[in-house]
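One-letter residues, chain by chain:
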Amino acid sequence: MDCVVTGGNVKVLAKAIHSLSRIGDELYLEPQEDGLALRSVNSSRSAYACFLFSPLFFSRYTIPLGHAFRCKMAIKCVQAVFRSLSSLEKTVEKCHIELGGEKSRLTFTLHCKHGLLKTHNLSFQDSESLQAVFDKESCANMLRAQPRLLVDTVLHFPPSLDEVSVSVSGERVCFRNHVDDEAEQSKAMLTELCLSSDEFDHFAVGAQTSITFCLKELRGLLVFAESTGLPVSMYFDEPGSPVVLSVTDSVLEVNFVLATLSDDSNLCNHNNNTKRARSPPPPDDFMTDDIDSYLIAMETSELAGPSDALAPRSPSPNHTLTTPPSEEEEEDTEDTERPPNKKFRSLFFGSVCPSDSQLTNQTIKSQEVLASDSEDDTQASFTSCL
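The rules we used
- Residues numbered from 1 in each chain as written.
- Predicted model: local features only at pLDDT ≥ 70, side-chain atom pairs only at ≥ 80, totals over all residues.
- Heavy atoms only, no water.
- UniProt positions renumbered as here; feature names shortened; annotations may be inferred.
- Helix = DSSP H or I, 4+ residues; strand = E, 2+ residues; numbered from the N terminus.
- Expected span 1.5 Å × (residues − 1).
- Buried < 20%, exposed > 50% of the residue type's maximum accessible area, 1.4 Å probe, protein only.
- Axes fitted to C-alpha atoms, helices over the stretch in contact; angles between N-to-C directions.
- Parallel < 35°, antiparallel > 145°, perpendicular 65-115°, else oblique.
- Left-handed = near helix turned anticlockwise from the far one by under 90°.
- Contact = heavy atoms within 4.5 Å.
- Nonpolar A, V, L, I, M, F, W, Y, C, P; charged D, E, K, R; others polar.
- Salt bridge = Lys/Arg side-chain N within 4 Å of Asp/Glu carboxyl O.
- Phe/Tyr/Trp six-rings, centres within 6.5 Å; stacked < 30°, edge-to-face > 60°.
- Core = buried A, V, L, I, M, F, W, Y, C linked by side-chain atoms within 4.5 Å.
- Pairing = 2+ DSSP bridges.

The name an unreviewed UniProt entry gives the chain is Cell cycle checkpoint control protein, with Oncorhynchus kisutch as the organism. One UniProt comment on the chain, placed under Sequence similarities (unreviewed entry), says "Belongs to the rad9 family." UniProt annotates the chain under Subcellular location (unreviewed entry) with the comment "Nucleus".

Printed below as a string of structure tokens:
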């Protein structure tokens, strides 16, 4: 692999890496025929981002023929290469990215003014392609606005706010901070901003709905979009389905896919039905686990066969067995209804590199997945499945 980025595109590449650092801790790099793909996913697999730079973005772009090179590395190491964004455009003339001669290091060389060279040799790990399965064109609602409008909107929310709710109707869009049902309403501060449909470049609402997603990733995309001046498009459906934030240019395509908060009423009904049934807990099996769907982060190109799909998983070390409650405890449980836990419905991640025989014998089915609402919660209750 041999790529050269020149001029102002160096700053665009640096901004992209800094935006990806708001998503996850690892950077997935994959040179393709249609361009260089930079991807990242958070620890709970509820947020995914992909930057695809077309070959026209580079002054030189060559990839190995007959050999697919994919790697992942710590994103902080790559972020350190483009540490000072303010001075990049003034001091750096071009950035050269190449695979080392021994193919053990990925080299970033910054050609600065006055003949100064800054070389960074970064170690990496081989990985398979990471891809989120989504179809933004099938979403019922689509909004497109200039980044300045959205930046001014989110500025009214405090930096400590985790989630924001977006409600759409036929004539306007409302942004408001999300307040948990368990929070004390008398002490909660509510902030809501409504935007008219005339303020958007494109406004298409097929279904009136309200979705809730994390604000951190939205801020990261807006920083990039504002620096490039490209409009931001938002595709979404009902609560629980992923929301896709997209920025598109002739030489660049950006997609942020974020999990949204599930409908509390559906979760409450599901919990009530489970209590009335009082059925014994199902085995810890991929096909019979009593959750709506699953979290899958593919680190391999191997697809499980029919026999593998029914094979039981070994219990997670974090999985704790619960004893059935006594009769008195069951009566107390019926009297006091606990509110449902807040869950984000996440994405289905799958490998994009199945073999030809696997494609003929098997189809890939997208699933809706429950994931933790916090990317920092590494002790998530759901175990990632390969």
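So that's the structure; there's more coming.
Across its 14 residues, helix H5 (residues 215–228) extends 20 Å between first and last C-alpha, which sits within 8% of the 20 Å expected from 1.5 Å per residue. Taken together, the buried positions of H5 are occupied by Leu215, Glu217, Leu218, Gly220, Leu221, Leu222, Phe224 and Ala225. Following H5 by one or two positions, Gly229 adopts a phi angle in the positive range, close to 75°.

The next point concerns the packing of helix H4 (residues 147–154) against H5. Here H4 crosses H5 at 140°, and the two axes come no closer than 9 Å. With respect to their mutual orientation, H4 and H5 come out oblique. Our pair here, H4 against H5, has a crossing hand that is left-handed. Where H4 approaches H5, its residues Pro147, Arg148, Leu150, Val151 and Val154 are matched on the opposing element by Leu215, Leu218, Arg219, Leu222, Ala225 and Glu226. Within the contact of H4 with H5, the residues separate by chemical class into 8 nonpolar, no polar and 3 charged.

Attention now moves to the pattern of salt bridges. If you walk through the whole model with that rule in mind, you get 6 salt bridges. The partner of Arg148 in a salt bridge is Asp152, and the shortest N-O contact between them spans 2.9 Å. Of this pair, Arg148 and Asp152 both sit in helix H4, 4 residues apart, which is roughly one turn of the helix. Here Arg148 falls in the partly exposed class, since its relative accessible area comes to 40%. For Glu226, the salt bridge is made with Arg148, and the minimal N-O distance between the two is 2.2 Å. Here the residue Glu226 occupies a position in helix H5, and Arg148 occupies one in helix H4, the gap between them amounting to 78 residues.

Moving on to the packing of aromatic side chains. For the coordinates displayed, the defined rule picks out 9 aromatic pairs. Between the aromatic rings of Phe51 and Phe256, the centroid separation amounts to 6.0 Å while the plane-to-plane angle is 80°, which identifies the pairing as edge-to-face. Note that Phe51 is positioned in strand S4 (residues 47–53) and Phe256 in strand S20 (residues 252–258), a separation of 205 residues in sequence. On the basis of relative accessibility, which here comes to 0%, the residue Phe51 falls in the buried class.

Turning our eyes to something else, we now look at the nonpolar core. Core analysis: the biggest nonpolar cluster contains 76 residues, and Leu38, Phe51, Phe53, Phe82, Leu106, Phe108 and Phe213 have the highest contact counts within it. Examining the composition of this core, we find that 7 residues originate from one element, helix H1 (residues 9–20), more than from any other. When near neighbours in sequence (up to four residues on either side) are disregarded, Leu106 contacts Met1, Leu29, Met73, Ile97, Glu98, Leu99, His120, Asn121, Leu122 and Phe124. Core analysis: the next-biggest nonpolar cluster, separate from the first, contains 11 residues, Tyr48, Ala132, Met142 and Val244 among them.

Turning to the pairing of strand S3 (residues 35–41), a few remarks are in order. Buried residues dominate S3, accounting for 7 of its 7 residues. The antiparallel pairing of strand S2 (residues 26–32) with S3 creates a hairpin that spans 2 residues between the two strands. Note: S3 against S4, 6 bridges, orientation antiparallel. The residue bridging Leu38 from the neighbouring strand is Phe51, located in S4. Hairpin connection of S3 to S4: 5 residues between the antiparallel strands, including Arg45 at a positive phi of 60°.

Pairing in this open sheet of 4 strands is antiparallel, and the strands run S15-S14-S13-S17 from one edge to the other. The strands lining the two open edges of the sheet, one partner per strand, are strand S15 (192–196) and strand S17 (209–214). Strand after strand, the sheet turns through a mean of 20° between neighbouring axes, direction not considered. With 5 bridges connecting them, strand S14 (residues 172–177) and S15 associate as antiparallel partners. Looking across to S15, one finds that Cys174 is bridged to Cys194. Seen against the sheet, H5 touches strand S13 (163–168) and S17 and runs at an angle of roughly 80° to S17.

Not every positive phi belongs to a glycine, and Arg45 is a case in point at roughly 60°. By the element assignment, Arg45 lies in the loop between S3 and S4. Unlike most non-glycine residues, His114 shows phi in positive territory, near 65°. Position of His114 among the secondary structure elements: in the loop between strand S8 (105–112) and strand S9 (117–123). A relative accessible area of 86% places His114 in the exposed class.

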